[in-house]
Amino acid sequence: MRYAETRMNDTDVIQPLNGRPPYEPGDADAFYAHVGTGGKVEADDWMTDDYRAAVLKFVEMHANSELMGVLPERDWIMRAPTLRRKLALTSKIQDEVGHAQLLYRVAEDLGKPRATMLADLLAGKTKFHNVFHYPTRSWADVGIIAWLVDAAAIVSQQALRDSSYAPYARTMRKICWEESVHVMHGRDVVLTMMSGTDAQRAMVQEALDRWWGPLMQMHGPPTDPAKDKDLHWGIKAKGNEQLRQEFLSIYVPRIREIGLRIPDPALRLDETTARWVYTEPDWDELRSVVTGHGPASQSRLEFRRVNYAATQWVRDAIMGNAAAA
Amino acid sequence: MSDLQPALAQALAELLLATADDEFVIGFWDSEWTGIAPMIEEDVATSSIAQDEIGHARALYEMLATLTDADADAIAFGRESDAYRHASLLNHPCRDWAFSVARRYLYETADAVRLAALAGSAHEPLAQLAAKMRREETYHLLHVDAWLRRLAEGAPDGRQRLAAALSELWPDAQDVFAPLAGEAALVAERVLPESMPALRAAWLSRVRPILEPIAGALPDVAPSPNGRTRRTEDFAWLHGEFTLVARSQAGATW
């Protein structure tokens, strides 16, 4: 008798801590009913191939984004202007790499080896978030990225703490806490510059002007909830437009409060609907950027490819792959 | 601190500056691996080590700032490149992983010997700080020791790279123990409980038995008289980077 058959019929078998899910392995309808009503899925629970593929794609893109998100800030580790900023930025970027590590582990458990994920990223086969396809130009970018890009990310990530895929949800709880520290660091960088010289204030405004478009695109175009399977299956808990509205509700007042001007004359809160109205983000730009045609997409991937190739001998030496050569 | 004689205070300032600059500069070079280390786990580890080093540099610069009535950031970021006092071992960028492991091994072991001495300093604040730094540096040593062995015992390619880097860096590594201005006074007052030559002897007896089986016979080269003043194009580049924002606007705070 095969092990799987034994286990199915044996009530004495040791159960995982979370208990057996309330659906029979192989019953796709019951599975979708479970995740569609707030049920959770563990890595070793049975799941449909479509669900597994959708979670993997979602988590892999998130992991890629954390890893690629290191590069825009990386140059500024060397240029941080005080000891305190240097420590904070080094720590922030270490967190991002740590998040990539945690997320790749979640993805690995879904069946795709890390080496394959890295190879696909380098080959441009998989995506990473739009904001990491743009160059950084000044120290003010460090502040705007840590404050607003991370804040926009937190809005998404907080919703992901309720993801139907439980290992991802748990990982998000840790990540959200660290991201909130980044936001404080970013806000402090921005506030210090806004309290400084006219030239410093102009630097921050120029950075915001450049980053606002990508920030508005970051959560993606509004989707039809009925057709958004990530939403339907509870992989993510909130729709794109809802996330953008939440971001605007919290951050538009904070951005204005410190004397910055948001570069969208149409941006306003519609009091009757309690929704933010804004100039339609450039969705063509978003599509173009995330498919590798952003201003820094190829240079960042090439930088990573060159360095990955240059360190291949280390991985070979450790894995013993080169021993036979 | 005010109870120190001026000559001794000046000698202590030299010691603090040399040690702080060592930690500051290696903390910068370590960050070269951020985002591109051979493995994600090593990326996290290298960033963590870099933070420790910069944290140590900050504590030492602050002690120096108190001693000389200056500002720690101004000391760290406000000097011309020829005024830095790190050992020539730290003039080099990280280059490849074997070079980084070799340099880090040479530096961490030398730093460990120096810190062990400073933990017994008659200057109590320095003794306390050194004791605190040693606790973190212990982990750096374990980390780099594991990598040294891994490369030495791994594939021939890694072993050759490591051996070449150790041989190349060996003369510069001696400069961690380059003589300091006012060293005699520091040793006499036990602010530095042992002389640099004595510390170097202790270091050599510790690392030679480990490194010579990897790199072959390592020559007996004395520290260079300009071991803490010799600067390179690589350091000039690094200095240009880390002062870029700090110097961009006079009087601005960041």
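Up top is the structure.
Residues numbered from 1 in each chain as written. Chains lettered and ligands numbered in written order. Predicted model: local features only at pLDDT ≥ 70, side-chain atom pairs only at ≥ 80, totals over all residues. Heavy atoms only, no water.

A few words on the overall build of chain A. The number of helices and strands found in chain A is 14 helices and two strands. For chain A, whose C-alpha radius of gyration is 22 Å, the value lies close to the compact-globule estimate of 20 Å for 325 residues. Of all 325 residues assigned to chain A, the portion counted as buried reaches 54%. Pairs at least 24 residues apart make up 72% of the contacts formed inside chain A by residues separated by at least 6 positions. Counting only carbon and sulfur atoms, one obtains 55% of the accessible surface of chain A, whose full area is about 14,600 Å². Chain A carries 40 positive and 44 negative side-chain charges, and their two centres are separated by 5 Å. (Helix = DSSP H or I, 4+ residues; strand = E, 2+ residues; numbered from the N terminus. Rg over C-alpha atoms; globule rule 2.2 N^0.38 Å. Buried < 20%, exposed > 50% of the residue type's maximum accessible area, 1.4 Å probe, protein only. Contact = heavy atoms within 4.5 Å. Areas by Shrake-Rupley, 256 points an atom, 1.4 Å probe, with all protein chains shown as cover. Lys, Arg positive; Asp, Glu negative; His and termini not counted. Charge placed at Lys NZ, Arg CZ, Asp CG, Glu CD.)

Its 30 residues give helix H5 (residues 124-153) of chain B an end-to-end C-alpha distance of 42 Å, which sits within 8% of 44 Å, the value for a rise of 1.5 Å per residue. The largest bend in H5(B) comes to about 30°, at B:Arg135. (Expected span 1.5 Å × (residues − 1). Bend = angle between axes of the 7 residues up to and from the residue.)

This paragraph deals with the interface of chain A and chain B. Contact with chain A, which involves 43 residues of that partner, is made by 48 residues of chain B. Interface area for chain A against chain B, summed over the two sides, is near 4,000 Å², with a carbon-plus-sulfur share of 69%. At the junction of chain A with chain B, the criterion picks out two salt bridges. A salt bridge links B:Glu41 to A:Arg114, with the nearest nitrogen and oxygen atoms 2.9 Å apart. Linking chain A with chain B are 13 residue pairs in polar contact (both at pLDDT 80 or more). Top contributing element to the side of chain A that touches chain B by residue count: helix H5 (residues 83-109) of chain A, with 13 residues. Of the residues contributing to the side of chain A that touches chain B, the split by class is 23 nonpolar, 11 polar and nine charged. (Buried area = accessible area lost by both parts, 1.4 Å probe. Salt bridge = Lys/Arg side-chain N within 4 Å of Asp/Glu carboxyl O. Polar contact = N/O pair within 3.5 Å; in protein donor to acceptor, adjacent residues only side chain to side chain. Nonpolar A, V, L, I, M, F, W, Y, C, P; charged D, E, K, R; others polar.)

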